[in-house]
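Summary of the model geometry
Single-letter residue listing:
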Amino acid sequence: WAVTFVVAKLAVGIGLVAFVIPGLALGLSFTLVSPILAIEETGPFATLSRAFALVRVRPTQVLGLYAACAVVGGFVANALTTIPAFVALYFGTDVAWPLISMGSIVSSSLLAPFNGAAATLMYHDIRFRREGLDLVRRADQVFPPVPEVARG
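Small disclaimer: the values here were computed from a predicted structure and weren't measured.

**Concerning the packing of helix α4 (residues 59–91) against helix α5 (residues 93–131)**
Running from N to C, α4 and α5 cross one another at 165 degrees; their axes reach a closest spacing of 9 Å. As far as their axial angle goes, α5 and α4 are roughly antiparallel. Two packed elements cross with a definite hand, and for α4 against α5 that hand is right-handed.

Okay, here's the thing in structure tokens:
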């Protein structure tokens, strides 16, 4: 019994280190892909490397955002699918599946903009703190860039 317990714990630990932690790191490094793609308008590989570089600077804050979005998403999804689940429990899933599907669609529709806005705010926060984006924007207002026609 003791050997089985130790082997099982080792297998779980190895699985955690080998799959879960790298998967979480990969998910975190791609959290800012959408805002970078939309705002900076770079190509796919440049966007991925830029997202990885920005997340690498502030990984704990991005992890906190990731966890907060997951918790809020779980609460919203559970709140919107609880009533359809009870209806399905009472009437059966063969009758209530359209209601369950609608609850899932509504929760996904509500959460997608929330997660996108949170990722965009995190992107701007990292850019402001790391690269001084606010200073660049203020400088562009005071000293507007010279148009290409006026240069040459």
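**Re unusual backbone geometry**
A positive phi angle, near 50 degrees, is found at E41, a position not held by glycine. As for its placement among the helices and strands, E41 is situated in the loop between α2 (33–39) and α3 (44–57). On the basis of relative accessibility, which here comes to 67%, the residue E41 falls in the exposed class.

**A short note on the environment of G74**
Within the fold, G74 resides in helix α4. Spatially, the C-alpha atoms of G74 and L111 are 9.7 Å apart, while their sequence positions differ by 37 residues.

**Brief notes about α4**
The end-to-end C-alpha distance of α4, which contains 33 residues, comes to 46 Å, matching closely the 48 Å that a straight helix rising 1.5 Å per residue would cover. Considering bend angle alone, the principal kink of α4 is centred on T82 and spans about 40 degrees; proline P84 follows within four residues of it. Every buried residue belonging to α4 is among V62, L65, C69, G73, P84 and A88, and all of these are buried. Buried residues along α4 sit in contact with α1 (2–29), α3 and α5. G92 sits one or two residues past α4 and shows a positive phi near 105 degrees.

**Here's the deal with the nonpolar core**
A general trend in soluble globular proteins is that nonpolar side chains are found buried together. Ranked by size, the top nonpolar core spans 14 residues in total, and within it L32, I36, L54, V62, M122 and I126 carry the most contacts. Of all the secondary structure elements, the ones that give two or more residues to this core are α2, α3, α4 and α5. It is α5 that provides the largest number of residues to this core, a total of four residues. Those residues in contact with L54, other than ones at most four positions away along the chain, are L32, I36, Y123, I126, R127, R130 and E131.

Here is what the cut-offs are and how they apply
- Sequence order sets the numbering: in each chain, residues are counted from 1 along the sequence as written.
- Local features in this predicted model are restricted to residues whose pLDDT is 70 or higher, and side-chain atom pairs enter the listing and the counts only when it is 80 or higher, whereas totals over whole chains, interfaces and linings include all residues.
- As a rule here, side-chain values come from all non-hydrogen atoms in the structure, and water together with hydrogens is ignored.
- Lines fitted to C-alpha atoms define the axes, with helix axes restricted to the stretch in contact, and inter-axis angles between N-to-C directions lie between 0 and 180 degrees.
- Secondary structure elements are taken from DSSP: a helix is a run of H or I of four residues or more, a strand is a run of E of two residues or more, and numbering for both begins at the N terminus.
- To sort the angles, those under 35 degrees are grouped as roughly parallel, those over 145 as roughly antiparallel, those from 65 to 115 as roughly perpendicular, and the leftovers as oblique.
- For a crossing to be left-handed, the near helix must be turned anticlockwise from the far one by less than a right angle; the clockwise case is right-handed.
- The classification of residues rests on relative accessible area computed with a 1.4 Å probe and restricted to protein chains. Under 20% of the type maximum is buried, over 50% is exposed, and intermediate values are partly exposed.
- A helix is expected to reach a length of 1.5 Å times the quantity of its residues less one.
- What the bend at a residue measures is the angle between two axes, fitted to the seven residues ending there and to the seven starting there.
- Only heavy atoms enter the contact rule, under which two residues are in contact if any of them lie within 4.5 Å.
- As used in this record, nonpolar core signifies buried Ala, Val, Leu, Ile, Met, Phe, Trp, Tyr and Cys residues forming a set joined through side-chain atoms within 4.5 Å.

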